[in-house]
Amino acid sequence: MKAADAAVGADWPVVVKPAAAVEEIEGRLIRPAGAVCADAAEIDRARSRLGDGALLRQPLIRGVGEGVFGYVDDEGPAVLSAHRRVRMVNPHGSASSACSSVDVDDALRAPIGRLLASVGWRGMFMVEFLRDEEGTPWFMELNGRAWGSMALARRRGLEYPAWATQFALGDQRAPAAPADPPRIVARHLGREIAHLLFVLRGPQSRAAVGWPTIVGTLRDLFTVRRGDRLYNWSPRQPAVLAADTIGTLTGVVRGRRRHA
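Worth saying up front: this structure is predicted, and the values here are computed from it rather than measured.

Q: Looking at this structure, I do not really get unusual backbone geometry. What am I missing?
A: Leaving glycine aside, a negative phi is the common case for residues, and trans is the common case for peptide bonds. A cis amide bond links W12 to the next residue, P13, at an omega of -5 degrees. Along the chain, P13 falls in the segment before β1 (14–18). Cis peptide bonds are those with omega within 30 degrees of zero, and the linkage from A174 to P175 qualifies with 0 degrees. Here P175 is to be found in the loop between α4 (160–169) and β11 (185–187). Look at V79: it is not a glycine, yet its phi comes out positive at around 50 degrees. Non-glycine residue N232 carries a positive phi angle of around 60 degrees. You can see N232 is positioned in the loop between β12 (228–230) and α7 (238–258). Judged by relative accessible area, which is 34%, N232 ranks as partly exposed.

Put into structure tokens, the structure is as follows:
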């Protein structure tokens, strides 16, 4: 549908986003932004950033994002693991700034296997779900690539990139997958700062429920627990974390300007 028709017959609140997963803007691939809308007036205000292309409209489901990860060899999905989002960069819905390792939901193993088999997939994968307030997991997307929270998996001893490469080369998987990976929380410094900026800006839709408080956000961000780990941190290469943090925040600022 087009933006002019996005409010027709809507069951509010809704999420409206471009149908194209990426767009080319000034020679760069950009992931276009969507909008959470409580009514037709909010869709009208969002038109400038939704663009003129085809749009998708979906009901707004409130819940917590989860991901199931692994790689596929000749015997099917191998070494599954999972995480749950602790915080999102934008509380309206976005990538995570912090995520926690969790057990894989046994009810999802067979459906994930069927999905991957149906497309003949080989190699690394991430299947993303949104678990609603009743505990029902809603399928969101299949990413056949390295995922954003790879740092969490690797800090648990789950070397997915190496295993996928070894399988492709016909080599034996090494190192072996740990029998009992540690439970950790992985935090992305740049995204955590961006999360605070979004909280300070405040909700952009009346559909937002349970928006984080500034005091609560500051408390959560400055509380460091034993199981917390930083993405991209290595004492031997501290410049990597600094560059990643600066790059992340620069990207957030550019995105804000592009959709202003």
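Q: Looking at this model, I keep getting lost on the packing of aromatic side chains. Mind explaining?
A: Aromatic ring pairs are defined here through the distance separating the ring centres and the angle between the ring planes. For the structure on display, the rule yields five aromatic pairs. Ring geometry for F129 and F139: centres 6.3 Å apart, planes at 75 degrees, overall edge-to-face. Taken together, the residues F129 in strand β9 (residues 123–132) and F139 in strand β10 (residues 137–143) connect sequence positions ten residues apart. Taking relative accessible area as the criterion, F129 reaches 7% and is therefore assigned buried. By way of ring pairs, the aromatic residues F69, Y71, W147, Y160 and W163 are connected into one cluster. Seen from the ring of W163, R173 lies directly overhead, with NZ or CZ sitting 5.6 Å from the centre.

Reading the values: the criteria
- Residues numbered from 1 in each chain as written.
- Predicted model: local features only at pLDDT ≥ 70, side-chain atom pairs only at ≥ 80, totals over all residues.
- Heavy atoms only, no water.
- Helix = DSSP H or I, 4+ residues; strand = E, 2+ residues; numbered from the N terminus.
- Buried < 20%, exposed > 50% of the residue type's maximum accessible area, 1.4 Å probe, protein only.
- Phe/Tyr/Trp six-rings, centres within 6.5 Å; stacked < 30°, edge-to-face > 60°.
- Lys NZ or Arg CZ within 6 Å of the ring centre and 35° of its normal.

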